[in-house]
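Report on the structure
These are the residues of each chain, in order.
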Amino acid sequence: MSKNEIISLLPYQNPFLFVDGIDEISEEKIKGHYTFKSDEMFYKGHFKDNPITPGVILTECMAQIGLVCLGIYLMKDELDDSKNPQIALTSHQMDFYLPVLPNEKVTVISEKKVFRFNKLKCNVKMINEKEELVARGKISGMIQIPV
């Protein structure tokens, strides 16, 4: 399964797609990136005259790359073009260290901890272009394939 095929199977679209590309992927880890554009809708009110990316959006970006893309890759043998996986985030714990500003590119690195019975648990981290740690944590979710 190609990196572009994985992205095409994501159940998201603009303005809620936070994956620009996948840089590396294996059975054990994934590395992908996203650039937060200055016209993203959440910057208009977060914060007035000083826009920063909300933590919940950073968490969503880490989930889309670090959990959903990796989960799709791990289930590639059960997926085809006609089946779109259904995703449910089951838990997350995140720590945030630096803000992400408009037009900033971030990289998400996720390492699989457990993948069993379509449930995936990962350790994720987000770094900026200076390779500084933005956020890190643990994230879990369920992936179902429609019959």
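In what follows, the accompanying structure is described. (Residues numbered from 1 in each chain as written. Predicted model: local features only at pLDDT ≥ 70, side-chain atom pairs only at ≥ 80, totals over all residues. Heavy atoms only, no water.)

**Focus on the overall build of the chain**
Within the chain, the secondary structure is distributed over two helices and six strands. Reading the chain from its N terminus to its C terminus gives the helix and strand order α-β-β-α-β-β-β-β. Computed over its C-alpha atoms, the radius of gyration of the chain comes to 15 Å, within 12% of the 15 Å expected for a compact globule of 147 residues. Expressed as lengths along the three principal axes of its C-alpha atoms, the size of the chain is roughly 50 × 30 × 25 Å. In the chain, which comprises 147 residues, the proportion classed as buried is 43%. At a minimum sequence separation of 6, the contacts of the chain that also span at least 24 residues come to 65%. (Helix = DSSP H or I, 4+ residues; strand = E, 2+ residues; numbered from the N terminus. Rg over C-alpha atoms; globule rule 2.2 N^0.38 Å. Buried < 20%, exposed > 50% of the residue type's maximum accessible area, 1.4 Å probe, protein only. Contact = heavy atoms within 4.5 Å.)

**Considerations on the nonpolar core**
Across soluble globular proteins, nonpolar side chains show a tendency to be buried alongside one another. Counting residues in hydrophobic clusters, the biggest one holds 41 residues, and the most contacted among them are Leu10, Phe36, Cys61 and Met126. Listed by contribution, the elements that provide at least two residues to this core are helix H1 (3–8), strand E2 (29–35), helix H2 (55–74), strand E4 (105–116), strand E5 (119–128) and strand E6 (133–144). By residue number, the principal contributor to this core is H2, which donates 13 residues. Beyond its immediate sequence surroundings of up to four residues, Met126 is in contact with Leu58, Cys61, Met62, Val100, Val106, Thr107, Val108, Glu132, Leu133, Val134 and Ala135. (Core = buried A, V, L, I, M, F, W, Y, C linked by side-chain atoms within 4.5 Å.)

**A closer look at the pairing of strand E1 (residues 21–25)**
Two elements, E1 and E2, share four bridges in a ladder whose sense is antiparallel. Within E2, the residue paired with Ile25 across the bridge is Ile30. The hairpin formed by E1 and E2 contains three residues between the paired strands. (Pairing = 2+ DSSP bridges.)

**What to know about the pattern of salt bridges**
Summed over all chains, the structure comprises three salt bridges. For Lys76, the salt bridge identified is with Glu27, shortest N-O distance 2.9 Å. Of this pair, Lys76 sits in the loop between H2 and strand E3 (86–96) while Glu27 sits in the loop between E1 and E2; the two residues are 49 residues apart in sequence, bridging distant segments of the chain. A relative accessible area of 21% places Lys76 in the partly exposed class. (Salt bridge = Lys/Arg side-chain N within 4 Å of Asp/Glu carboxyl O.)

**Some thoughts on unusual backbone geometry**
For residues that are not glycine, phi is negative in most cases, and the peptide bond is trans in most cases. Cis rather than trans, the peptide bond between Asn14 and Pro15 has omega equal to 15 degrees. Assignment of secondary structure puts Pro15 in the loop between H1 and E1. Of the consecutive residues His46 and Phe47, the connecting peptide bond is found in the cis state with omega at -5 degrees. Following the sequence through the fold, Phe47 ends up in the loop between E2 and H2. With a phi angle near 65 degrees, Asp49 is a residue other than glycine that sits in the positive phi range. Tracing the backbone shows Asp49 in the loop between E2 and H2. You will see that Asn118, though not glycine, has its phi angle at about 65 degrees, which is positive. Tracing the backbone shows Asn118 in the loop between E4 and E5.

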